[in-house]
Amino acid sequence: MPSHVFADRPAQPPERGAVDALITRTRRLRGDVDAVRQDTVGADDDPQGRWQRALYDLAVHHLDDLGAHLDQLKEGLPPATADAFADELAEYEADSAAGSGSLLSRVGSAEWNLLTDEVSWSDELYQILGRDPAAGPMSLDELPSVVFAEDQPLLTAMVTDCLVDGRPIDGEFRMVRPDGRVRTVHMMGEPVLDADGSTASMWAVLRDVSELRRSQRAVRETRDSLQRRRHIERTERRLAVEMQEAVLPSWRGPLRFPPGSPTSLDIAAHYLPSPDGALIGGEWYDALQLPDGASLLGVGDLTGHGVAATSSMAMLLGALRGMAVAGVRPGQLMAHLNRLLDTSAQSALGSAVCCRYDPATRVVTWAQAGHPTPLLFRDGTGRALSRLDGVLLGATSGASYEQGELTLQPGDVLVLHTDGLTRTRSGPQDAEVAADRLTALAARLTGTRDAQEGVRVVVEEFGQGERQGDACVLVAKVNA
C-alpha cells in the first residue's frame, strides 16, 4: 500500500508544525540508525559486514542531508522560479525518472584485491556508471579514465592515501558514463589488511549523489537570487522614500493661509504608508499660498510603485505648482496636467483633485480627474460635494474638466483624500460606501479645534485595519 505522503492530492505549503514534526522524526531516526551502526560488529575481512557498515554510514549521511533540508524549509525558503531554472528542472526530472527506485539502486560496491588483481563490482555499480557487465569491472588504474580531468587528482590522492597510508576514503568526483551523462559519485571505502599489516585489498561503496547535489545547487541559486532581489527591492524602496521626502511638502501641519486673515484656512496633511510594507506608491498631497492671496489644495495618486512612481510625482507636482502660481484655474490646470502625462515619456495614469480657496469671498473652486470627491463637514454633518466630470490624467488627449464652486462658512471642514484611504484587502469600495465611512466621522471632525486634530481623527479610523496600500489625507478648516 503506498504511503499517504504520496497520495494523489493537491500540493499544499507545509505548515510550520508539520515541518517541526518531520524534523523531530528525522532526528530520532538518525539517532536510531547511528545506535544500530555502533552495535554492528563484523570482521574486516567479511564483505557482508563491511557492506552493512557502509550502508549505515550512507544512511546517516543521508539523514543529515534530510535534516539540513528540513531546517531550510522551516526558515521559509521560497520555491525555485520555473522560468529561471527550466533547464535545470528538466534535467533533474529526467534523472529522477531514470534513477527512480530505492536508495540501494543508487548505491554500488566494489573491491580491488591487490594480491590476485581480482576486481569485483556489484550489479548496482554497473548501473550507476552505465557500464555493460559484459565488459567487466575496471581496475584502479583504469578508473581515472572515466573521471573528469579536474577530479582525477582527487581520486588518485584518495586511492594512494588508502593503499599506502591506510586512510579511509571519503570524497566525491564526477564521472562520465558511456552515454555522455555526467554523474556525481560519493565514494567511501577502507583498506583491508593482511596478517602482516600490509594492504591486501581495498573495498569501497559508491553512491550516486547527482540528484542530491543538483537539487542543492538549485536551492542555493534560488536563495542567491532571492537575496539579490531583496537587495534590489530595499535599494529601490530607499531611493523612492528619499525622492518622496524631497518632493512632498516638508510641512505636516498645521499651516494657516493667508496668515493673520480672519477667513484663513487652517491646513494639515498626512501620508499613510502601506500597512504591509509594500513599495512606495504615487500618492501625493500639496498646499500652497498663491501670489494673489488664494490657497491651492490638492491630493492625487499616480499608477505604479517605487522610483518610477515618485519620479512621475516629482514631474507632476512641479508642473502643478508652477501653473497654480501663474494663476491657472483648477479646471484648466487639470487639462494641462492631463496633456503632460499623455505626452510624457514616463507612461503613467493619475487621479487628482485640486481646490482653489479665495479668503476674500470664502469661495472654493475645484476640479477632479477620476478622483474621490472632496468631503464637506458642517454643523455636525458631512457630505460629498457634487461629482464633476473629469477623466483620469493621461488617459486621453484633449480632455476637458468641469469646474465647481462652493461658498464655505466659518468652522467648515474640507477633507481631501486618495482612494487608498478606504481601499481594503477585499478590493476597492464603491465611491458612495467609501464616502459614507468618512462622513460617519462628521461629529468628531466638526468638533475639532484645528486641522491637525482633524487629521488625527481620520488616521485613527483608517490608519491600520483592513486598509491596503498607501494613502494621503488633507484637512482644511475655515477659521471661525
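Located above this text is the structure these notes cover.
Trainee: What am I meant to see in the overall build of the protein here?
Mentor: The helix and strand inventory of the protein stands at eleven helices and 16 strands. Among the 480 residues that make up the protein, the fraction classed as buried is 43%. Expressed as a percentage of contacts within the protein between residues at least 6 apart in sequence, the contacts between residues at least 24 apart total 65%. Accessible surface for the protein amounts to roughly 24,500 Å². Of this, 52% is attributable to carbon and sulfur atoms.

Trainee: What am I meant to see in the nonpolar core here?
Mentor: For soluble globular proteins, the rule of thumb is that nonpolar side chains tend to be buried together. Grouped together as the largest cluster of nonpolar side chains are 54 residues, with contacts concentrated most on Ile267, Leu297 and Leu474. Tyr126, Leu155, Ile169 and Leu206 belong to the second largest nonpolar core, which has 23 residues in total.

Trainee: Before we go on, may I ask you to explain the pattern of salt bridges in this structure?
Mentor: Opposite charge on two side chains permits pairing when their charged atoms draw close. The final tally for this structure, using the stated rule, is 13 salt bridges. When the shortest N-O distance is used, the salt bridge between Arg30 and Asp34 registers 3.8 Å. Of this pair, Arg30 and Asp34 both sit in helix α1 (residues 16-39), four residues apart, roughly one helical turn. Arg30 gets classed as partly exposed once you look at its relative accessible area, which sits at 27%. Judged by relative accessible area, Asp34 falls into the buried class, the value being 18%. In this structure, Glu172 engages Arg213 in a salt bridge whose closest nitrogen and oxygen atoms are separated by 2.3 Å. With Glu172 in strand β3 (residues 169-176) and Arg213 in helix α6 (residues 210-247), this pair connects stretches of sequence that are 41 residues apart.

Trainee: What is the right way to look at the sheet that holds β3 in this model?
Mentor: Sheet strands pair by backbone hydrogen bonding; their relative direction is either parallel or antiparallel. Reading across from one edge, β2-β1-β5-β4-β3 is the order of the five strands in this open sheet, with antiparallel pairing throughout. Two strands close off the open sheet at either side, each with one partner strand: β2 (119-121) and β3. Strand-to-strand twist of the sheet, defined as the mean angle between neighbouring strand axes without regard to direction, takes the value 20 degrees. Against the sheet, helix α5 (residues 152-165) engages β3, β4 (182-193) and β5 (199-208), with an angle of about 145 degrees to β3.

Trainee: How do you make sense of helix α7 (residues 306-325) when you look at a structure like this?
Mentor: Residues lying three or four places apart along an α-helix face the same way, a consequence of the helix completing one turn every 3.6 residues. Taking 1.5 Å per residue as the helical rise, α7 with its 20 residues ought to reach 28 Å, and the 29 Å between its terminal C-alpha atoms agrees with that figure. Considered for burial, the residues of α7 that qualify are Gly306, Ala309, Thr310, Ser311, Ser312, Met313, Leu316, Leu317, Leu320, Met323 and Ala324. Buried residues in α7 make contact with α6, β8 (284-289), β9 (295-302), α8 (330-343) and β10 (350-358). At the C-terminal side of α7, Gly327 shows a positive phi close to 95 degrees.

Trainee: Teacher, can you tell me more about the environment of Thr199 here?
Mentor: Its location among the elements puts Thr199 in strand β5. Residue classification places Thr199 among the buried residues on the basis of a relative accessible area of 18%. Separated by 35 residues in the primary sequence, Thr199 and Val164 place their C-alpha atoms 7.7 Å from one another. Beyond its immediate chain neighbours, meaning those up to four positions away, Thr199 contacts Leu114, Cys162, Leu163, Pro191, Val192 and Leu193. At 3.1 Å, the side chain of Thr199 and the backbone oxygen of Leu163 are in polar contact.

Trainee: What am I meant to see in empty space enclosed by the protein here?
Mentor: Gaps left between atoms show up when a probe the size of a water molecule is rolled over them. Within the structure shown, the criterion is met by one cavity of 30 Å³ or more. Here the largest cavity defines a volume of roughly 50 Å³. Forming the boundary of the largest cavity are Leu290, Leu296, Ala324, Val328, Arg329, Pro330, Leu333, Cys354 and Arg356. Looking at the lining of the largest cavity, the elements that each hand over two or more residues are α8 and β10. A breakdown of the residues in the lining of the largest cavity according to their chemical character gives seven nonpolar, no polar and two charged.

Trainee: Sorry if this is basic, but what is going on with the pairing of strand β14 (residues 404-407) here?
Mentor: The side-chain alternation of β14 yields one buried face, formed by Gly404 and Leu406, and one unburied face, formed by Glu405 and Thr407. Pairing of strand β11 (residues 363-369) with β14 involves four bridges; the strand directions are antiparallel. Note on β14: the bridge partner recorded for Trp366 is Gly404.

Trainee: What is the right way to read the packing of α6 against α7 from this model?
Mentor: Each pair of packed helices can be described by the angle between their axes along with the distance between the axes. As a packed pair, α6 and α7 sit with axes 8 Å apart at the nearest point and diverge in direction by 10 degrees. Classified by the angle between their axes, α6 and α7 sit roughly parallel to one another. Of α7, the residues touching α6 (which contributes Glu236, Leu239, Ala240, Met243, Gln244 and Val247) are Gly306, Val307, Thr310, Ser311, Met313, Ala314, Leu317 and Arg321. Tallied by class, residues from the contact of α6 with α7 come to eight nonpolar, four polar and two charged.

Trainee: Before we go on, may I ask you to explain the packing of aromatic side chains in this structure?
Mentor: A ring pair, where both rings are aromatic, is described by two values, the distance of the centres and the angle of the planes. Within this structure, the stated rule accounts for one aromatic pair. For the pair Trp121 and Tyr126, a centre-to-centre distance of 5.2 Å together with 55 degrees between the ring planes defines the contact as tilted. The burial state of Trp121 is the same as that of Tyr126; both residues are buried.

Trainee: Would you take a moment to explain α5 for this structure?
Mentor: Here α5 contains 14 residues, and its C-alpha end-to-end distance of 19 Å stays within 8% of the 20 Å for a straight helix at 1.5 Å per residue. All of the buried residues along α5 are Leu155, Met158, Val159 and Cys162. Angularly, the buried residues of α5 cover 90 degrees about the axis, an arc narrow enough to put them on a single face. Turned more than 90 degrees away from the buried face of α5, the exposed residues are Pro153 and Val164. Residues of α5 that are buried make contact with β3, β4 and β5.

Trainee: Sorry if this is basic, but what is going on with the state of the cysteines here?
Mentor: By definition, a disulfide links two cysteine residues through a covalent bond between their sulfur atoms. Applying the stated criterion across every chain, the model contains zero disulfides. Between Cys354, a cysteine without a disulfide, and Cys355, which holds the nearest cysteine sulfur, the sulfur-to-sulfur distance is 7.4 Å. Taking relative accessible area as the criterion, Cys355 reaches 2% and is therefore assigned buried.

The rules behind the values
- Residues numbered from 1 in each chain as written.
- Predicted model: local features only at pLDDT ≥ 70, side-chain atom pairs only at ≥ 80, totals over all residues.
- Heavy atoms only, no water.
- Helix = DSSP H or I, 4+ residues; strand = E, 2+ residues; numbered from the N terminus.
- Buried < 20%, exposed > 50% of the residue type's maximum accessible area, 1.4 Å probe, protein only.
- Contact = heavy atoms within 4.5 Å.
- Areas by Shrake-Rupley, 256 points an atom, 1.4 Å probe, with all protein chains shown as cover.
- Core = buried A, V, L, I, M, F, W, Y, C linked by side-chain atoms within 4.5 Å.
- Salt bridge = Lys/Arg side-chain N within 4 Å of Asp/Glu carboxyl O.
- Pairing = 2+ DSSP bridges.
- Axes fitted to C-alpha atoms, helices over the stretch in contact; angles between N-to-C directions.
- Expected span 1.5 Å × (residues − 1).
- Polar contact = N/O pair within 3.5 Å; in protein donor to acceptor, adjacent residues only side chain to side chain.
- 1 Å grid on protein atoms, 1.4 Å probe; cavity = no way out; pocket = protein on both sides within 12 Å on 5 of 7 lines; lining within 4 Å.
- Points joined across faces, edges and corners; volume = space filled by probe spheres on them.
- Nonpolar A, V, L, I, M, F, W, Y, C, P; charged D, E, K, R; others polar.
- Parallel < 35°, antiparallel > 145°, perpendicular 65-115°, else oblique.
- Phe/Tyr/Trp six-rings, centres within 6.5 Å; stacked < 30°, edge-to-face > 60°.
- Arc of directions from axis to C-beta.
- Disulfide = S-S within 2.5 Å.

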